[in-house]
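The chain contents come next:
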Amino acid sequence: MTREEKSQVIQDLTAQLADTSTIYLADISGLDAVTTSNLRRACFKANVTLAVVKNTLLEKAMEVSDKDFGELPEVLKGNTSMMIAEAANAPAKVIKEFRKKSDKPLLKGAYVEEAVYVGDDQLDALVNIKSREELIGDIITLLQSPAKNVVSALQSGGSKLSGILKTLSEK
């Protein structure tokens, strides 16, 4: 690879790092062709981009990036694959589900919404991260619950003014 080609790859990686807030680094070495194909298929279904990267080039892209990747450059040893997704927990779910059938991929580290996770032991914590849509749904449910209780209580209190006042005073 020429110096210009390396420079272009670093620029492309830097652009990818800037455009996403969810980056997982995993070790998929040792997987045969069929298993790798199955992993790629699982990633595609979960809307996760999987790409094998060269450690030195990714490390240089992280150095140039505006983001603080903390300890992530230190895990760039051996074979590294980069998983990128919009949903913060999607790559973790793919890894966890895939590991029911295989011992790989191993999680090296992750950068999720400015937080850095290092090590395979962080997989369960990453799976439990809620996506933005899930959080919004939970908040809406919590906000709607009291309003629904008041409306149903008003309806059960009868249509008389005294029943409505009694129900409101109880709430």
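Whatever comes next refers back to the structure up there.
Rules used in this analysis
Residue numbers run consecutively from 1 along every chain, following the written order of its sequence. This being a predicted model, a pLDDT of at least 70 is required before a residue's local features are given, and a value of 80 or more before pairs of side-chain atoms are given or counted; all residues contribute to the totals for chains, interfaces and linings. Only hydrogens and water are set aside when side-chain values are computed; all heavy atoms of the structure are taken into account. The secondary structure listing takes helices from DSSP runs of H or I that are at least 4 residues long and strands from runs of E that are at least 2 residues long, numbered from the N terminus. Each residue gets one of three labels from its accessible area relative to the maximum for its type: buried under 20%, exposed over 50%, partly exposed in between, using a 1.4 Å probe on protein chains only. One requirement defines pairing of two strands: DSSP has to find at least two bridges between them. Where helices are involved, their axes are fitted lines through C-alpha atoms of the stretch in contact, as for all axes, and angles between N-to-C directions lie from 0 to 180°. Contacts: residue pairs with any heavy atoms within 4.5 Å of one another. Buried Ala, Val, Leu, Ile, Met, Phe, Trp, Tyr and Cys residues that are joined via side-chain atoms within 4.5 Å together make up what is termed a nonpolar core.

1. Concerning unusual backbone geometry
The omega angle of the peptide bond from K104 to P105 is 0 degrees, so this bond is cis rather than trans. Mapped onto the elements of the fold, P105 is located in the loop between α4 (90–98) and β4 (106–112). Residue N47 is not a glycine yet carries a positive backbone phi of 60 degrees. Considering the arrangement of structural elements, one finds N47 in the loop between α2 (33–45) and β2 (48–53). The exposure class assigned to N47 is exposed, which follows from its relative accessible area of 60%.

2. Regarding the sheet that holds strand β1 (residues 22–27)
The strands that make up a sheet are held in pairs by hydrogen bonds between backbone atoms, and each pair lies either parallel or antiparallel. Strand order in this open sheet of five strands is β2-β3-β1-β4-β5, and the pairing throughout is antiparallel. Two strands close off the open sheet at either side, each with one partner strand: β2 and β5 (115–118). Ignoring which end each strand starts from, the neighbouring axes of this sheet average 20 degrees apart. In the packing of α2 onto the sheet, the strands contacted are β2 and β3 (80–85), and the crossing angle to β2 comes to about 140 degrees. On top of the sheet, α4 reaches β1, β2, β3 and β4; it is set at about 125 degrees to β3, its chief contact.

3. Regarding the nonpolar core
Taken as a class, soluble globular proteins show a tendency for nonpolar side chains to be buried jointly. Counting 23 residues, the largest nonpolar core has Y24, L39, C43, V48, M83, V112 and L126 as its most contacted members. Elements that contribute at least two residues to this core include exactly β1, α2, β2, β3, α4, β4 and α5 (123–127). Excluding its chain neighbours within four sequence positions, the residues that come into contact with V112 are S21, T22, Y24, A88, Y117, L126 and I129. Ranked by size, the runner-up nonpolar core spans 17 residues in total, among them I23, M62, L72 and I84.

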